[in-house]
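In case you want the letters, here they are:
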Amino acid sequence: MSKLETSLIHQGDHFNTTKSVVSPIYQTSTYFADADLSSYIHAATAPKYPEFYHRHGNPTSSQVAAILADLEKTEDALVLATGMAAISTAILAIVQHGDHIVAQQSHYSGTALFFKDFLSQYGIEITYINQTDNDAFKQAIRPNTKLIYVETPSNPNLDITDLTFVAQLGKQNGILTMADNTFASPINQTPCAFGIDIVVHSATKYLGGHSDLTAGVVCGSRAYIERVWQRSLVLGSSLSPFDSWLLLRGLKTLALRVRQINENALALAQWLEKDGRIKKVTYAGLDTHPQKTLVRKQMRGFTGMLCIEMSGADEKEAYSRAQQLLGHLQVFANAASLGGVESLIVHPASMWGSHHSEEQKKTAGISKGLLRISVGIEHIDDLISDVKQALDKIYPLSL
Ligand SMILES: *Cc1c(COP(=O)(O)O)cnc(C)c1O
């Protein structure tokens, strides 16, 4: 379909074979088979067949996948139970014992754990590089490199990876490239338009958009998605019928939500920077973002994600002020996750907790005074006054 707003509403309509305008929830584990055994064999073996047995596929999941493939400009897509199911299954469809992956030094915490604690146990080597340094990608490549894995903007510090550079590097060396596009959403960024081969998402975030489901998506070529589907069939990570339906419903308003979120987040970031009491404000849309030119080259909008670093004489004071801010905010909820209609704020150093060493947190740029904000669609005036009243309590003497 030509325009994404229309695709969000109508792509994959043919998977709804009923007369209902809104697709029904196919709350079933299995489907009546044809008496004719040759069509039964087809249903039992065709990739993503939507009406055979739930682990193989589901009509709503097929409809969602059609929308996302269209949005991400790939041939096909597969919907899975969580973002981590999508990421792990997508990677396991590429690498095996003896292979090598080039990844970034900062990733979503679950992805970082998958590399560090899981893949390394299966004889897969990973080199972690600074994603803002193109040369580092080039130098990390080995003869057995099978995948370059990127995430941009990165979690939580919003570092930007040069998608065109990585895609070309992959193509020149016969290496597949995969991008986690969760933070940007397909409204703000289309990695495949720059030559990236595969896109993964935590659909729990912007795609679902209402903090009421977990889901993941892998987008890529038809042949590759078939391989991912074969892995998911044995790993058992299919998305439940109800969550699939919620995701389809959430997607209808994706463009509207993300545009409002972009607008709110930019206004909040600009207000915080001007206010001056926060030590550092990081937002992809600010003129002060260190990779401003690259941001504008590959992103159409700047997302709802921003990071603030509290000031303090030392780490301890910055940490204490971060904790105070969390306590004083009334509209922003202190909760993990992001990308919903409600504004959330988290303390990444605590969220990473004991899963990661202090050294790893440092490399990923996670200081004790750092807070990550996911801006929602509340009125911007209420968001700003909430932050202002909280800052007024922490810095009573500053004007
Ligand atoms: C949340 C998130 C994931 C993991 O998704 P789940 O749905 O929680 O499994 C992966 N990548 C990024 C960037 C995320 O924010």
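Residues numbered from 1 in each chain as written. Predicted model: local features only at pLDDT ≥ 70, side-chain atom pairs only at ≥ 80, totals over all residues. Heavy atoms only, no water.

Some words on the domain arrangement of the protein
According to the domain assignment, the protein consists of domain 1 (4–251) and domain 2 (255–394). Between domain 1 and domain 2, the C-alpha centre-to-centre distance is 27 Å. Between domain 1 and domain 2, the residue contacts involve 42 residues of the former and 40 residues of the latter. For the pair domain 1 and domain 2, the two sides together bury roughly 3300 Å², of which 54% comes from carbon and sulfur. Inspection of the domain 1/domain 2 interface yields one salt bridge. (Domains from an automatic or database assignment. Contact = heavy atoms within 4.5 Å. Buried area = accessible area lost by both parts, 1.4 Å probe. Salt bridge = Lys/Arg side-chain N within 4 Å of Asp/Glu carboxyl O.)

Quick notes on the site of the ligand
Among the 14 residues in the neighbourhood of the ligand, the closest are listed as Gly 83, Met 84, Asp 180, Thr 204 and Lys 205. One nitrogen or oxygen atom from the main chain of Gly 83 is found 2.8 Å from an oxygen atom belonging to the ligand. Surface burial for the ligand is 91%, taken as the share of its 380 Å² of free accessible area covered by protein chains. Looking at the shell around the ligand element by element, the count peaks at three residues for helix 4 (residues 83–92). Its residues assigned to classes, the shell around the ligand shows six nonpolar, five polar and three charged. (Near = heavy atom within 4 Å. Polar contact = N/O pair within 3.5 Å; in protein donor to acceptor, adjacent residues only side chain to side chain. Areas by Shrake-Rupley, 256 points an atom, 1.4 Å probe, with all protein chains shown as cover. Helix = DSSP H or I, 4+ residues; strand = E, 2+ residues; numbered from the N terminus. Nonpolar A, V, L, I, M, F, W, Y, C, P; charged D, E, K, R; others polar.)

A closer look at the state of the cysteines
This model, assessed by the stated rule, comprises zero disulfides. Left without a disulfide partner, Cys 219 is nearest to the cysteine sulfur of Cys 192, which lies 7.3 Å away. Judged by its relative accessible area of 0%, Cys 219 is buried. (Disulfide = S-S within 2.5 Å. Buried < 20%, exposed > 50% of the residue type's maximum accessible area, 1.4 Å probe, protein only.)

Some points on empty space enclosed by the protein
Applying the stated criterion across every chain yields a total of three cavities of 30 Å³ or more. Considering only enclosed or pocket space, the largest cavity measures out at about 140 Å³ in volume. Listing elements by their share of the lining of the largest cavity, those giving two or more residues are helix 3 (59–72), strand 1 (76–80) and helix 9 (222–235). At four residues, strand 1 tops the list of elements feeding residues into the lining of the largest cavity. Residues that form the lining of the largest cavity fall into these classes: seven nonpolar, eight polar and two charged. Put simply, the second largest cavity is a space of about 50 Å³. Lining the second largest cavity, in full, are Leu 272, Ile 308, Leu 325, Leu 329, Phe 332, Ile 345, Ile 373 and Val 387. (1 Å grid on protein atoms, 1.4 Å probe; cavity = no way out; pocket = protein on both sides within 12 Å on 5 of 7 lines; lining within 4 Å. Points joined across faces, edges and corners; volume = space filled by probe spheres on them.)

Examining helix 9
Its 14 residues give helix 9 an end-to-end C-alpha distance of 20 Å, which sits within 8% of 20 Å, the value for a rise of 1.5 Å per residue. Of the residues making up helix 9, those classed as buried are Tyr 224, Ile 225, Val 228, Trp 229, Ser 232 and Leu 233. Buried positions along helix 9 lie against helix 2 (37–45), strand 1, helix 4, strand 5 (176–180), strand 6 (198–202) and strand 7 (216–220). The positive-phi residue at the C-terminal boundary of helix 9 is Gly 236, with phi of around 75°. (Expected span 1.5 Å × (residues − 1).)

Quick notes on the packing of aromatic side chains
Between two aromatic rings, the relevant description is the distance of the centres plus the angle of the planes. Within this structure, the stated rule accounts for six aromatic pairs. On the numbers, 6.4 Å between centres and 40° between planes, the contact of Phe 114 with Phe 115 is tilted. Like Phe 114, the residue Phe 115 is buried in the burial classification. Here the aromatic cluster, defined as three or more aromatic residues joined through ring pairs, consists of Phe 114, Phe 115, Phe 118, Tyr 122 and Tyr 149. (Phe/Tyr/Trp six-rings, centres within 6.5 Å; stacked < 30°, edge-to-face > 60°.)

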